[in-house]
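Residues per chain, in single letters:
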Amino acid sequence: MVHPLILRQYTQKGHLILMKNELFETTPVPKAYLTLAFPVVLSMMVSLIYNMVDTYFIALTGKQDLVAGVSLAVPVFTLMIAFGDIFGLGGSSIISRLLGEKNETAAKKASAFCIWTSIGFGLLVTLILLLFRAPVLALLGAKGTTYQHASDYYTWIAIGSAAIIFGLVPSNILRTEGMAAQAMIGSILGSIINIVLDPMFIFVLNQGAAGAAIATVLGNVFADCYYLFVIVTKSQRLSASIREIHISRTMARDIFTIGIPASITNLMQSFMVMMTNHFLLAYGTDKIAAMGIALKANMITALILVSFAFGGQPLIGYNYGSRNQKRLKEILKFAYLLEMGLGLVFTILMSVFAPAIIGIFMKDPDIMANGAAMLRCQQLGMVFMSVTLVSACVCQSVGNALGAFLLSVCRQGVLYAAFLFLLSNLFGYHGVLLSQACADFATAMMAVCIIRKILKEMQRSA
């Protein structure tokens, strides 16, 4: 005879699983999509506030060299996010498809593999970055009065690599089980702790750039502890057990073939910042400081668009895995219309209020004027960026590694570099500012071709 307590727990778990299946399978598409996306948007908003506050406190020092130094070292933090995406986005892609196929045992093993491999990889990254600190800082463009500030920020971000990289895994894979709210809480927790600690380390303890980095690392550590607690105590389909990390070569290959192209998106962002800073050096460190602030402000639009695009990724992967083509097409139509509409609205709003937004961080007239122009140029490509984001999400969700790779390396990589060289030679300083918008347009056209091919292949296989 089954004990009543065990029977009740079993029934409750079964009810939760049925509710989650209903969300993915029968709930109206707009409601299902937004249910998964809104927690991601909210967590991104808090992360956005943290980034704004972080930049605000650094700029509040009034030291352009400090602002420029941190701006030069920020690509290292972006690099950590890129590495985390290998296991976070690669893992969530395969897990969502496995859950759609009702293969929960394999989903647990995939989650355990991603969790523990990300931690080990993070420790290796720490070792490498500390060993090669000087050449990496030189590659980033840190020299003269900016070197020490860049070095301080770099060192602490390198020390916290494992915490930052690991955090991207549970924040992504929890959503595959419908636990978007828990993923949101972890992100918000880390960001709030970061915000609270920023002024303490930067001003009270007088740590400057190092203080901003220390606060970032500690925020990630607290979030990581919360994520582990949720997976161990609340999840029915995921696992953090080291005993379950053994997966097949095919499954590992699937994780990396999707995760690596996904991570390249963030690697290319680091590349974009490095290339932009390199081309702006000729125009003075004030231009680099202004671009650093403009890129932070541009995150208001970018992070919200990313949230809405990838918030629905588990829904796309699940329905692709269950071969529900009709519902999948409804999801894609809704996602593209939502993203492009949001991109247009934010382009208008951010362009109109650009001087005021830049002025929040620094009141220097030159910084405000240059930063506003830079922000407006970045915003010109937001509608096209929306198309690319949804398309990249689709490629990752359905396991189209080639499409994900091409979109990852082009927008802020190959195409951006090509436009940067071309337009800077033709139009100088203004050509540098317009390069990203042109790359956004070209990448969106490529994305349309890739998605049309995917949809045709789906029709043939039906």
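Residues numbered from 1 in each chain as written. Predicted model: local features only at pLDDT ≥ 70, side-chain atom pairs only at ≥ 80, totals over all residues. Heavy atoms only, no water.

**Student:** Looking at this structure, I do not really get the overall build of the protein. What am I missing?
**Tutor:** Along its length, the protein carries 18 helices and 0 strands. Within the protein, the fraction of its 462 residues that count as buried is 58%. The long-range share in the protein, meaning contacts at least 24 apart out of those at least 6 apart in sequence, stands at 83%. Carbon and sulfur atoms make up 70% of the accessible area of the protein, which amounts to about 19,000 Å² in all. (Helix = DSSP H or I, 4+ residues; strand = E, 2+ residues; numbered from the N terminus. Buried < 20%, exposed > 50% of the residue type's maximum accessible area, 1.4 Å probe, protein only. Contact = heavy atoms within 4.5 Å. Areas by Shrake-Rupley, 256 points an atom, 1.4 Å probe, with all protein chains shown as cover.)

**Student:** I would appreciate a short explanation of the pattern of salt bridges in the present structure.
**Tutor:** In the structure shown here, the tally under the stated rule is 1 salt bridge. Between arginine 411 and aspartate 440 there is a salt bridge, with its nearest N and O atoms 2.4 Å apart. One end of the pair, arginine 411, is in helix H17 (residues 401-427); the other, aspartate 440, is in helix H18 (residues 429-461), and 29 residues separate them in sequence. Here the two residues arginine 411 and aspartate 440 agree in accessibility, since each one is buried. (Salt bridge = Lys/Arg side-chain N within 4 Å of Asp/Glu carboxyl O.)

**Student:** Teacher, can you tell me more about the nonpolar core here?
**Tutor:** Across soluble globular proteins, nonpolar side chains show a tendency to be buried alongside one another. Core analysis: the biggest nonpolar cluster contains 131 residues, and Met80, Ile95, Tyr153, Ile157, Leu174, Met374 and Leu375 have the highest contact counts within it. With 15 residues, helix H3 (residues 64-100) is the largest single contributor of residues to this core. Excluding residues that lie within four positions of it along the chain, leucine 375 makes contacts with Ala294, Ala297, Asn298, Met350, Ala354, Ile357 and Ile358. (Core = buried A, V, L, I, M, F, W, Y, C linked by side-chain atoms within 4.5 Å.)

**Student:** What am I meant to see in the packing of helix H11 (residues 285-311) against helix H14 (residues 354-361) here?
**Tutor:** The packing of two helices is summarised by the inter-axis angle and the distance between the axes. H14 packs onto H11 with a crossing angle of 115° between their chain directions and a minimal axis gap of 10 Å. In terms of axis orientation, H11 runs roughly perpendicular to H14. Helix-helix and strand crossings are classified by hand; for H11 and H14 the assignment is right-handed. On H14, the residues that touch Ile293, Ala294 and Ala297 of H11 are Ile357, Ile358 and Phe361. Broken down by class, the residue content of the contact of H11 with H14 amounts to 6 nonpolar, no polar and no charged. (Axes fitted to C-alpha atoms, helices over the stretch in contact; angles between N-to-C directions. Parallel < 35°, antiparallel > 145°, perpendicular 65-115°, else oblique. Left-handed = near helix turned anticlockwise from the far one by under 90°. Nonpolar A, V, L, I, M, F, W, Y, C, P; charged D, E, K, R; others polar.)

**Student:** Help me understand helix H16 (residues 382-398), please; the structure alone is not making it clear to me.
**Tutor:** An α-helical turn contains 3.6 residues, so any two residues separated by three or four positions project in the same direction. Under the 1.5 Å per step criterion, the end-to-end length of H16 is 24 Å for 17 residues, consistent within 8% with the ideal 24 Å. With respect to burial, H16 is a largely interior element, 15 of its 17 residues being buried. The first or second residue beyond H16 is glycine 399, which carries a positive phi of 80°. (Expected span 1.5 Å × (residues − 1).)

**Student:** Whenever I open this one, helix H15 (residues 365-379) confuses me. Can you help?
**Tutor:** For H15, spanning 15 residues, the distance from its first C-alpha to its last is 21 Å, which sits close to the expected 21 Å at 1.5 Å a residue. Turning to H15, its buried residues number three or more, namely Ile367, Asn370, Gly371, Ala372, Met374, Leu375, Cys377, Gln378 and Gln379.

**Student:** Just checking my understanding: could you explain the environment of tryptophan 156 for this structure?
**Tutor:** Considering the arrangement of structural elements, one finds tryptophan 156 in helix H6 (residues 147-159). Residue tryptophan 156 is classed as partly exposed on the basis of its relative accessible area, which comes to 35%. Separated by 57 residues in sequence, tryptophan 156 and alanine 213 have C-alpha atoms that sit 5.7 Å apart. Filtering out sequence-adjacent residues up to four positions away, tryptophan 156 remains in contact with Ala210, Ala213, Ile214 and Val217.

**Student:** Is there a simple way to explain a positive patch on the surface in this structure?
**Tutor:** A cluster of basic side chains, namely Arg452, Lys453, Lys456 and Arg460, defines a positive patch on the protein surface. Note that arginine 452 resides in helix H18. Given the relative accessible area of 52%, arginine 452 is considered exposed. (Patch = residues over 30% accessible without salt bridge, like charges linked within 9 Å, V, L, I, M, F, W, Y side chains within 5 Å. Lys, Arg positive; Asp, Glu negative; His and termini not counted. Charge placed at Lys NZ, Arg CZ, Asp CG, Glu CD.)

**Student:** Looking at this model, I keep getting lost on the environment of glycine 167. Mind explaining?
**Tutor:** As for its position among the elements, glycine 167 is in helix H7 (residues 161-173). For the pair formed by glycine 167 and glycine 186, sequence separation is 19 residues and the distance between their alpha carbons is 8.9 Å.

**Student:** What exactly am I supposed to notice about a nonpolar patch on the surface here?
**Tutor:** Together, Leu344, Val345, Ile348, Leu349, Val352 and Phe353 line one region of the surface with nonpolar side chains, adding up to about 560 Å² of accessible area. In this structure valine 352 comes out as exposed when scored by relative accessible area, which is 54%.

**Student:** Explanation requested: the packing of aromatic side chains in the structure shown.
**Tutor:** The description of two aromatic rings rests on the distance between their centres and on the angle between their planes. With the rule as written, the count across this model stands at 9 aromatic pairs. Taking 5.9 Å as the distance between ring centres and 80° as the angle between the ring planes, the aromatic pair formed by phenylalanine 87 and phenylalanine 256 counts as edge-to-face. In this pair, phenylalanine 87 sits in helix H3 while phenylalanine 256 sits in helix H10 (residues 249-280), placing the two residues 169 residues apart along the sequence. Exposure remark for phenylalanine 87: the relative accessible area of 2% places this residue in the buried category. Plain terms: the ring middles of tyrosine 226 and tyrosine 227 are 6.3 Å apart, the flat faces sit at 55° to each other, and that makes the pair tilted. Among the aromatic residues, those joined into a cluster by ring pairs are Phe83, Phe87, Phe113, Phe121 and Phe256. Positioned above the aromatic ring of tyrosine 429 is the side chain of lysine 287, whose terminal nitrogen or guanidinium carbon lies 5.8 Å from the ring centre. (Phe/Tyr/Trp six-rings, centres within 6.5 Å; stacked < 30°, edge-to-face > 60°. Lys NZ or Arg CZ within 6 Å of the ring centre and 35° of its normal.)

**Student:** Would you mind showing me how to read the confidence of the model for the protein here?
**Tutor:** Where the model shows low pLDDT, its predicted coordinates should not be examined in detail. Put simply, the protein has an average pLDDT of 80, and 89% of its residues get 70 or more. Across the protein, the element-wise mean pLDDT spans from 48 in helix H1 (residues 4-25) up to 89 in helix H13 (residues 325-352). Contacts of residues 1-19 to residues separated by more than four positions or lying in other chains number 5 contacts, the stretch itself having pLDDT below 50. (pLDDT = per-residue confidence, 0-100.)

**Student:** Just to check I follow, could you spell out the environment of leucine 375 for this structure?
**Tutor:** Looking at the element boundaries, leucine 375 is found in helix H15. The exposure class assigned to leucine 375 is buried, which follows from its relative accessible area of 0%. When the C-alpha positions of leucine 375 and phenylalanine 353 are compared, they lie 10.0 Å apart, and in sequence the two are 22 residues distant.

**Student:** Teacher, can you tell me more about the packing of H13 against H16 here?
**Tutor:** The N-to-C vectors of H13 and H16 enclose an angle of 150°; their axes lie 8 Å apart at closest approach. When the axes of H13 and H16 are compared, the pair comes out roughly antiparallel. When the axes of H13 and H16 are compared, the crossing they make is right-handed. When H13 is examined against H16, the residues Leu332, Ala335, Tyr336, Glu339, Met340, Gly343, Leu344 and Thr347 are found in contact with a partner set consisting of Met382, Val383, Ser386, Val387, Leu389, Val390, Ser391 and Val394. Per-class residue counts for the contact of H13 with H16 are 11 nonpolar, 4 polar and 1 charged.

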